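Letter by letter, the chains look like this.
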Amino acid sequence: MISNERRITVSPEDSASRWGNPGVEVLSTPAILGHVERLCADLLQPQLAPGEMTVGVQVVMNHRAPARVGEVVVIEATAAGDVAQPRFDFAVRSVDGSVLCDGVHQRAVVDAERFQARISA
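One structure accompanies this document, and this report is about it. (Residues numbered from 1 in each chain as written. Predicted model: local features only at pLDDT ≥ 70, side-chain atom pairs only at ≥ 80, totals over all residues. Heavy atoms only, no water.)

Brief notes about the environment of proline 50
Step number 1: Summarising the element assignment, proline 50 is placed in the loop between α1 (29-44) and β2 (52-63).
Step number 2: Residue proline 50 is classed as exposed on the basis of its relative accessible area, which comes to 86%.
Step number 3: Spatially, the C-alpha atoms of proline 50 and alanine 112 are 9.2 Å apart, while their sequence positions differ by 62 residues. (Helix = DSSP H or I, 4+ residues; strand = E, 2+ residues; numbered from the N terminus. Buried < 20%, exposed > 50% of the residue type's maximum accessible area, 1.4 Å probe, protein only.)

Okay, structure coming up:
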């Protein structure tokens, strides 16, 4: 099992206001997903063979509470299963430990060259 966490300060670029909710200066769902994807991909990178990469294939997420722009949050991810079909349990917590978001993210290991060729066609 592998796990890690990352602390981020919620920025204006992470806000719901940037994603179509003017004046709502809290951590947006799309920004959470982006941070979770990056954390999970980074966690898997050392486990991959040369020429492999991972892509996100599924997310189930519960957005439970807001985090304001300027607030520091902790994103945690723990991998379950094998590297070939990695599944992550994740949570976003406030610095006092309250769960703001939780869920499951699944990634697939793919051949990077074939994937790039497929999307370039």
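Quick look at the sheet that holds β2
Step number 1: Spatial ordering of the open sheet is given by β1-β3-β4-β5-β2, a layout of 5 strands whose pairing is antiparallel. Bordering the open sheet on either side are β1 (3-9) and β2, each of which pairs with just one other strand. For this sheet, the mean angle separating the axes of adjacent strands, direction not counted, is 25°.
Step number 2: In the sheet, strand β3 (residues 72-80) pairs with strand β4 (residues 87-94) via 8 bridges, with the strands oriented antiparallel. Each bridged residue has a counterpart across the sheet, and for alanine 77 the counterpart in β4 is phenylalanine 90.
Step number 3: Of the strands in this sheet, β1, β2, β3, β4 and β5 (99-111) are in contact with α1, which crosses β2 at around 140°.
Step number 4: Sheet strands in contact with helix α2 (residues 112-120) are β2 and β5, and its direction is about 95° off that of β5. (Pairing = 2+ DSSP bridges. Axes fitted to C-alpha atoms, helices over the stretch in contact; angles between N-to-C directions. Contact = heavy atoms within 4.5 Å.)

Description of the side chain of threonine 54
Step number 1: Within the fold, threonine 54 resides in strand β2.
Step number 2: Polar contacts involving the side chain of threonine 54 include one to the side chain of arginine 107, which spans 2.9 Å.
Step number 3: Leaving out residues up to four positions away in the same chain, threonine 54 has contacts with Ala41, Leu44, Leu48, Arg107, Ala108 and Val109. (Polar contact = N/O pair within 3.5 Å; in protein donor to acceptor, adjacent residues only side chain to side chain.)

Re the nonpolar core
Nonpolar side chains in soluble globular proteins tend to end up buried together.
Step number 1: The biggest cluster of nonpolar side chains holds 20 residues, and the ones touching the most others in it are Leu27, Val73, Ala77, Phe88 and Val92.
Step number 2: No other element matches α1, which puts 7 residues into this core.
Step number 3: Not counting residues within four places of it along the chain, the set of residues in contact with valine 92 comprises Leu27, Ile32, Val73, Val74, Ile75, Ser98, Val99, Leu100 and Cys101. (Core = buried A, V, L, I, M, F, W, Y, C linked by side-chain atoms within 4.5 Å.)

With respect to the pattern of salt bridges
Step number 1: Per the stated rule, a full pass over the model turns up 6 salt bridges.
Step number 2: Put simply, arginine 6 and aspartate 42 hold a salt bridge, and the shortest N to O gap is 2.8 Å. Pair noted here: arginine 6 is in strand β1 and aspartate 42 is in helix α1, with a separation of 36 residues, a long-range link.
Step number 3: We classify arginine 6 as partly exposed; its relative accessible area is 29%.
Step number 4: Arginine 64 is the partner of aspartate 102 in a salt bridge, and the nearest nitrogen-oxygen pair spans 3.1 Å. In this pair, aspartate 102 is assigned in strand β5 and arginine 64 in the loop between β2 and β3, connecting sequence segments 38 residues apart. (Salt bridge = Lys/Arg side-chain N within 4 Å of Asp/Glu carboxyl O.)

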